[in-house]
Structure formats: C-alpha cells, structure tokens
Amino acid sequence: NIVGTFFNAGIYAIYISITFSFALSLYVFCKSNDFKQKLLKNMALVNVLLSIVVLPSTFSRSAWVAAACSLIFILLIMQKQALAAINFRTKLFLALLIAGIGLTLSVFGYKLKSSSADGRIVIWKTGLIALQENPLFGIGFGQIQYKFFDYQGEYFIKEPKDGEKYTDRVDFAF
C-alpha cells in the first residue's frame, strides 16, 4: 500500500479523495480568463489526474466511494438543465442502473478485503461497548490504543468466535 507521508494508507486515501474533489471542482467551475486562473485550472487538472492514478493503489474502498460520490455530484451540478429535460422513465432507469452498479461495486469492495471489513465491524461493536460505558466524554483523546484491549476483551467474552479471527492492536478506530 502507498501511504505517502502518512502512517496509514486509509488516511492517505481520504486525503487524496478530498483533494480530488476540490481539484475537480476547481477545474470544472473555474473560469480561465487570465494567466493566474489558467494556471490554477491546469494545476487542478494535474491534481485530478494524479489522484486518479494514485487512489486505486491505496486499496481504500471508502476513499474510492468518496471520490466517486464527489464526481457524481459535480456531474449532476454541471448537467442540471440536461437532467431537467429527461423524462421520468429515463431518470428511473438511470437511478436503477446507478444503484445496480453501486451494489455490484459494494460486493466487489467487500470481497476485495473481506477480513478488513469484518474486522472493522468488530472494532465498531467494541467501540459501542466503550460508548455505553462513557457516553458523554468518551474514553479521552488518544486513549484508544491504551484502553481498547479492555473493551475488546469484554466484546470477545460475548462473541468468542470473533476473538479467534480479529484480535489485533488498534491504534485508531476508523
């Protein structure tokens, strides 16, 4: 996995998807009247192209989804008038097509790293135990790496089958 200057590919991928969204917006909506605006638009295009090249190598499904959603959102804004002219049946067909593609990609994304997805669910369930015990203020900033194992132990007592597969150190619950 590529991590850039970050310590984790997931955080790096989120950063790349955010810069992709911002750069794509700049490229699409920026007027190129003078030299500075043309330069900004070209730099945004370079950022978009680099993001498209780098983002798949991070294997971060959530960042892929974020980048795809921002792309769809920007396309919808651009084509607002064209969408208004389309009849209801065509809009319904397009919506079902997009939903079908989304479902197919979701299944593919799960199978790509199923153990990661299942492990994340265990982290969330363990986090719910911590939340129930500390509902207002949580366990404290930066404390997850020190207290997570205690809550994970409580969860594994309830669900011992998960303990066989997903026992691992968790420094960040994202």
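Residues numbered from 1 in each chain as written. Predicted model: local features only at pLDDT ≥ 70, side-chain atom pairs only at ≥ 80, totals over all residues. Heavy atoms only, no water.

Draft legend 1. Representation of the overall build of the chain in the model. Helix and strand counts for the chain stand at 8 helices and 0 strands. In the chain, the succession of α and β elements from N to C terminus is α-α-α-α-α-α-α-α. Along the three orthogonal principal directions, the C-alpha set of the chain runs to about 60 × 45 × 35 Å. Taking all 174 residues of the chain together, the buried fraction comes to 23%. Excluding contacts between residues fewer than 6 apart, the proportion of contacts in the chain whose partners are at least 24 apart in sequence is 61%. Approximately 12400 Å² of the chain is accessible, and the part contributed by carbon and sulfur atoms is 69%. Computed over 17 positive and 10 negative side-chain charges, the separation of the two mean positions in the chain equals 19 Å. (Helix = DSSP H or I, 4+ residues; strand = E, 2+ residues; numbered from the N terminus. Buried < 20%, exposed > 50% of the residue type's maximum accessible area, 1.4 Å probe, protein only. Contact = heavy atoms within 4.5 Å. Areas by Shrake-Rupley, 256 points an atom, 1.4 Å probe, with all protein chains shown as cover. Lys, Arg positive; Asp, Glu negative; His and termini not counted. Charge placed at Lys NZ, Arg CZ, Asp CG, Glu CD.)

Draft legend 2. Layout of the nonpolar core. By size, the foremost hydrophobic cluster in this structure holds 12 residues: Tyr12, Ala13, Ile16, Phe20, Ala23, Leu24, Ala44, Val48, Leu55, Ala63, Ala67 and Ile74. For this core, the secondary-structure elements that each account for two or more residues are α1 (9-29), α2 (35-54) and α3 (61-78). Those residues in contact with valine 48 that sit more than four places away from it in its chain are Phe20, Ala23 and Leu24. (Core = buried A, V, L, I, M, F, W, Y, C linked by side-chain atoms within 4.5 Å.)

Draft legend 3. The arrangement of the environment of serine 60 in detail. One can find serine 60 in the loop between α2 and α3. For serine 60 and lysine 113, which are 53 residues apart along the polypeptide, the C-alpha to C-alpha distance reads 9.5 Å. The residues contacting serine 60, other than those within four sequence positions of it, are Gly10 and Ala13.

Draft legend 4. Local environment of the layout of surface pockets. Estimates place the volume of the second largest pocket at around 310 Å³. Along the lines of polarity and charge, the residues of the lining of the second largest pocket split into 9 nonpolar, 1 polar and 1 charged. (1 Å grid on protein atoms, 1.4 Å probe; cavity = no way out; pocket = protein on both sides within 12 Å on 5 of 7 lines; lining within 4 Å. Points joined across faces, edges and corners; volume = space filled by probe spheres on them. Nonpolar A, V, L, I, M, F, W, Y, C, P; charged D, E, K, R; others polar.)

Draft legend 5. Spatial organisation of the packing of helix α5 (residues 88-112) against helix α6 (residues 114-133). Their axes nearest at 5 Å, the elements α5 and α6 cross at an angle of 90 degrees. Here α5 is positioned roughly perpendicular relative to α6, judged by the angle of their axes. Across the interface between the two elements, Tyr110, Lys111 and Leu112 from α5 touch Ser114, Ala117 and Asp118 from α6. (Axes fitted to C-alpha atoms, helices over the stretch in contact; angles between N-to-C directions. Parallel < 35°, antiparallel > 145°, perpendicular 65-115°, else oblique.)

Draft legend 6. Local environment of the packing of aromatic side chains. Under the definition given, this model contains 1 aromatic pair. Both rings, one in tyrosine 155 and one in phenylalanine 156, keep their centres 5.7 Å apart while their planes meet at 55 degrees; by these two values the pair is tilted. There is no split in this pair, since tyrosine 155 and phenylalanine 156 are both buried. Here lysine 41 stacks its cationic end above the ring of tyrosine 27, 5.2 Å away from the centre of that ring. (Phe/Tyr/Trp six-rings, centres within 6.5 Å; stacked < 30°, edge-to-face > 60°. Lys NZ or Arg CZ within 6 Å of the ring centre and 35° of its normal.)

Draft legend 7. Representation of a nonpolar patch on the surface. A surface patch of nonpolar side chains, about 730 Å² in accessible area, is lined by Phe59, Phe93, Leu94, Leu97, Ile101, Leu105, Phe108 and Leu112. Within the secondary structure, leucine 105 sits in helix α5. (Patch = residues over 30% accessible without salt bridge, like charges linked within 9 Å, V, L, I, M, F, W, Y side chains within 5 Å. Salt bridge = Lys/Arg side-chain N within 4 Å of Asp/Glu carboxyl O.)

Draft legend 8. Quick look at unusual backbone geometry. Positive phi is not limited to glycine here, since phenylalanine 59 has a value of about 55 degrees. The topology assignment puts phenylalanine 59 in the loop between α2 and α3. Here phenylalanine 59 falls in the partly exposed class, since its relative accessible area comes to 36%.

Draft legend 9. Representation of α2 within the structure. With 20 residues, α2 should reach 28 Å at 1.5 Å per residue; the first-to-last C-alpha distance of 28 Å fits that figure. If you follow the buried residues of α2, they end up packed against α1. (Expected span 1.5 Å × (residues − 1).)

Draft legend 10. The packing of α1 against α2, seen in detail. Closest axis-to-axis distance for the α1/α2 pair is 8 Å, and the angle between their directions is 145 degrees. Relative to α2, the crossing made by α1 is left-handed. Mapping the contact onto sequence places Tyr12, Ile16, Thr19, Phe20, Ala23, Leu24, Leu26 and Tyr27 in α1 and Leu40, Lys41, Ala44, Leu45, Asn47, Val48, Ser51, Ile52 and Val54 in α2. Among the residues forming the contact of α1 with α2, the class breakdown is 13 nonpolar, 3 polar and 1 charged. (Left-handed = near helix turned anticlockwise from the far one by under 90°.)

None of the figures reported here should be taken as evidence of function without further support.
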